[in-house]
Amino acid sequence: HPLGYAIAQLHGVYILAQARDGLVLVDMHAAHERTVYERLKSALQVDRVASQPLLIPVTVAANTADVDLAETHFAVFGRLGVDLTRAGPTQLVVRALPALLSSAEPAALVRDLLAGLGEEGGAGGERILERTLGTMACHQAVRANRRLSVPEMNALLREMETTLRSDQCVHGRPTWSFLGMDDLDRLFLRGR
């Protein structure tokens, strides 16, 4: 396996993995964000992202402009697995979320999606979809200080190895870095 095998988690943020010829450092949030993003994108290419109905619908308070913005993009939300309706001039109701985002907090997710849509202004549909998928992936990705077991860390490494563009998160930050044995030897002045 090119990304090696997990040996530890550092400060609840990084995964340390031993590879054949050195050490791999992984930003677990950035890496998981990319893998979730690609899974959502694949589901969207098939047709739409599968949704999971909420047991109890969640009401989200928003200003009139955001509610109007949401209403103009209800079809986009639907394709992304978010069942969102207007409940008044300053309220939206979330009835379902994407199944891949079952642990997301509905109100926070909708507010972030609306903020992203507002920043896109008159951007085209594909740009809006990409931005929205990125926001959704960020909400689902593991957060700092979440302790992962060694099997969970290795599962993330294996998923990264099969994910497109897994070397960068959705925002363009690197997800992992490699230090070869030669790099480590130079760092510690070995062999001099």
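Each remark here, short or long, concerns the structure printed above.
Cut-offs and rules
- Residues numbered from 1 in each chain as written.
- Predicted model: local features only at pLDDT ≥ 70, side-chain atom pairs only at ≥ 80, totals over all residues.
- Heavy atoms only, no water.
- Phe/Tyr/Trp six-rings, centres within 6.5 Å; stacked < 30°, edge-to-face > 60°.
- Lys NZ or Arg CZ within 6 Å of the ring centre and 35° of its normal.
- Helix = DSSP H or I, 4+ residues; strand = E, 2+ residues; numbered from the N terminus.
- Expected span 1.5 Å × (residues − 1).
- Polar contact = N/O pair within 3.5 Å; in protein donor to acceptor, adjacent residues only side chain to side chain.
- Axes fitted to C-alpha atoms, helices over the stretch in contact; angles between N-to-C directions.
- Parallel < 35°, antiparallel > 145°, perpendicular 65-115°, else oblique.
- Left-handed = near helix turned anticlockwise from the far one by under 90°.
- Contact = heavy atoms within 4.5 Å.
- Nonpolar A, V, L, I, M, F, W, Y, C, P; charged D, E, K, R; others polar.
- Pairing = 2+ DSSP bridges.
- Buried < 20%, exposed > 50% of the residue type's maximum accessible area, 1.4 Å probe, protein only.

> Honestly, the packing of aromatic side chains in this entry has me stumped. Any pointers?
Given two aromatic rings, their pairing is described by the distance between the two centres and the angle made by the two planes. Applying the stated criterion across every chain yields a total of zero aromatic pairs. The cationic tip of Arg158 hangs over the ring face of Tyr5; the distance from NZ or CZ to the ring centre is 5.0 Å.

> Can you help me understand helix H1 (residues 28–46) in this one?
Since the α-helix advances by 3.6 residues per turn, residues separated by three or four positions end up pointing in the same direction. Counted at 1.5 Å a residue, the expected span for H1 with its 19 residues is 27 Å, and the 27 Å between its end C-alpha atoms agrees. Looking at where H1 begins, the residue whose side-chain oxygen comes 3.2 Å from the main-chain nitrogen of His29 is Asp27.

> How should I be thinking about the packing of H1 against helix H6 (residues 150–161) in this particular structure?
The axes of two packed helices give the description: the angle between them and the distance between them. Their axes nearest at 10 Å, the elements H1 and H6 cross at an angle of 50 degrees. It follows that H1 is oblique to H6 by the angle criterion. Once H1 is placed against H6, the crossing between them reads as left-handed. Residues Met28, Ala31, His32, Thr35 and Arg39 of H1 form the contact with H6, whose own contacting residues are Leu156, Glu159 and Met160. For the contact of H1 with H6, the residue count by class is four nonpolar, two polar and two charged.

> It is not clear to me how the sheet that holds strand E5 (residues 83–88) should be interpreted in this structure. Could you clarify?
Sheets are built from strands that pair by backbone hydrogen bonding, the pairs being arranged parallel or antiparallel. If you walk across this open sheet you meet the three strands as E4-E6-E5, and the pairing is antiparallel. With one partner strand each, in any of the chains shown, strand E4 (51–61) and E5 form the two edges of the open sheet. Going across the sheet, the axis of each strand differs from the next one's by a mean of 20 degrees, ignoring polarity. Sheet topology note: the E4/strand E6 (residues 91–98) ladder contains seven bridges and is antiparallel. Directly across from Ser51, in E6, lies its bridge partner Pro98. This element, helix H2 (residues 64–72), spans E5 and E6 of the sheet and lies at about 140 degrees to E5.

> Would you take a moment to explain unusual backbone geometry for this structure?
Negative phi values dominate among residues other than glycine, just as trans dominates among peptide bonds. Within the chain, Arg165 stands out as a residue other than glycine whose phi angle is a positive 50 degrees. The residue Arg165 is located in the loop between H6 and strand E7 (176–180) in this model. On the basis of relative accessible area, Arg165 is assigned to the partly exposed category, the value being 42%. With a phi angle near 55 degrees, Leu189 is a residue other than glycine that sits in the positive phi range. Here Leu189 is to be found in the segment after helix H7 (181–187).

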